[in-house]
Amino acid sequence: DDIAYVIYTSGSTGKPKGVAVSHRNVVELFANAQPRFGFDGSDVWTLFHSYAFDFSVWELWGPLLYGGTVVVVDYLTSRSPEQFRELVVRERVTVLNQIPSAFYQFAEADRMAGDSAGSLSLRHVIFGGEALDLSQLVRWYDRHDDSSPRLVNMYGITETTVHVSFS
């Protein structure tokens, strides 16, 4: 029950505030996710989001806990969907964590790249941080099978930990 970290909320419901998140909440997050995802040492994850955003807790500690690899995405690459897609292909990323608005841009870059720009190795795309608009996924499904990679919408409030729901 000791505090693992303190992080500030976005302030979407008012004034931003510091939230103390316990070790228990972080450990429970990963313990409950493991049976659903089957993360292991062969997985390659990106650390795309700022460490000031709680999504980064999932992106950093997930691969370290399961023996996988963390690819730290530099700021300029994170702002270029085309360069980010190239990095995902080059590093053979298997677990991609994105806020939906960033993924829509990634999906468009993937569509524009076509098949000649290298194939993706993704097993899971995990959404969080904002509402997912399912209609925006049509372009993705036009190019990719509906079961691989698996797209998962997760949500959680900073006060609990990164994710608390799964769909």
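Residues numbered from 1 in each chain as written. Predicted model: local features only at pLDDT ≥ 70, side-chain atom pairs only at ≥ 80, totals over all residues. Heavy atoms only, no water.

A. View of the overall build of the protein chain. Summing up its helical and strand segments, the protein chain has six helices and eight strands in all. The order of α-helices and β-strands along the protein chain, N terminus first, is β-β-α-β-α-β-α-α-β-α-β-α-β-β. Taking 15 Å as the expected radius of gyration for a compact globule of 167 residues, we find that the protein chain reaches 16 Å, a close match to that expectation. Principal-axis analysis of the C-alpha atoms places the extent of the protein chain at approximately 50 × 35 × 30 Å. Going through the 167 residues of the protein chain one by one, you find that 47% of them count as buried. Pairs at least 24 residues apart make up 67% of the contacts formed inside the protein chain by residues separated by at least 6 positions. (Helix = DSSP H or I, 4+ residues; strand = E, 2+ residues; numbered from the N terminus. Rg over C-alpha atoms; globule rule 2.2 N^0.38 Å. Buried < 20%, exposed > 50% of the residue type's maximum accessible area, 1.4 Å probe, protein only. Contact = heavy atoms within 4.5 Å.)

B. Local environment of the pattern of salt bridges. Within this structure, the stated rule accounts for seven salt bridges. The salt bridge involving D1 is made with R24; its shortest N-O contact spans 2.6 Å. Placement of D1 in the segment before β1 (3-8) and of R24 in helix α1 (residues 23-37) is noted, with a sequence separation of 23 residues between them. Via salt bridges that share partners, R85, D110 and R143 belong to a single interconnected network. (Salt bridge = Lys/Arg side-chain N within 4 Å of Asp/Glu carboxyl O.)

C. Expanded view of the packing of α1 against helix α2 (residues 55-66). Across the interface, α1 lies against α2 with an axial gap of 11 Å and an inter-helix angle of 65°. With respect to α2, the element α1 is oriented roughly perpendicular. Between α1 and α2 lies a crossing whose hand is right-handed. On α2, the residues that touch V26, L29, F30, A31, A33, Q34 and F37 of α1 are V57, W58, W61, G62, L65 and Y66. Residues that form the contact of α1 with α2 fall into these classes: eleven nonpolar, two polar and no charged. (Axes fitted to C-alpha atoms, helices over the stretch in contact; angles between N-to-C directions. Parallel < 35°, antiparallel > 145°, perpendicular 65-115°, else oblique. Left-handed = near helix turned anticlockwise from the far one by under 90°. Nonpolar A, V, L, I, M, F, W, Y, C, P; charged D, E, K, R; others polar.)

D. Inspection of helix α4 (residues 81-90) at higher detail. Listed in full, the buried residues belonging to α4 are P81, F84, R85, L87, V88 and V89. Just beyond α4, the residue with positive phi is R92, at close to 55°.

E. Quick look at the environment of G67. Within the secondary structure, G67 sits in the loop between α2 and β4 (69-72). Residues G67 and S121 lie 54 residues apart in sequence; the distance between their C-alpha atoms is 18 Å.

F. Summary view of the packing of aromatic side chains. Across all of its chains, the model carries 14 aromatic pairs by this definition. Residues F103 and F127 carry aromatic rings whose centres are separated by 5.1 Å and whose planes lie at 80° to one another, so their mutual orientation is edge-to-face. Placement of F103 in helix α5 (residues 100-113) and of F127 in strand β6 (residues 124-127) is noted, with a sequence separation of 24 residues between them. Judged by its relative accessible area of 1%, F127 is buried. (Phe/Tyr/Trp six-rings, centres within 6.5 Å; stacked < 30°, edge-to-face > 60°.)

G. Representation of the pairing of β4 in the model. Across four bridges, strand β3 (residues 44-47) lies against β4 in parallel orientation. Each residue of the ladder has a partner; that of V44, found in β4, is T69. (Pairing = 2+ DSSP bridges.)

H. Spatial organisation of unusual backbone geometry. Phi at R92 is positive, roughly 55°, even though this residue is not glycine. Checked against the element boundaries, R92 lands in the loop between α4 and β5 (95-98). Classification of R92 as exposed rests on a relative accessible area of 55%.

I. How the structure looks around α1. Its 15 residues place the ends of α1 21 Å apart at the C-alpha level, agreeing with the 21 Å of an ideal helix rising 1.5 Å per residue. Looking one or two places after α1, you find G38, whose phi comes out positive at around 65°. (Expected span 1.5 Å × (residues − 1).)

J. Region of the structure containing the side chain of S78. In this fold, S78 is placed in helix α3 (residues 75-78). For S78, a relative accessible area of 12% corresponds to the buried category. Within the structure, S78 has its side chain in polar contact with the backbone oxygen of Y75 (distance 2.6 Å). Apart from residues lying up to four places away in sequence, S78 is in contact with F48 and V73. (Polar contact = N/O pair within 3.5 Å; in protein donor to acceptor, adjacent residues only side chain to side chain.)

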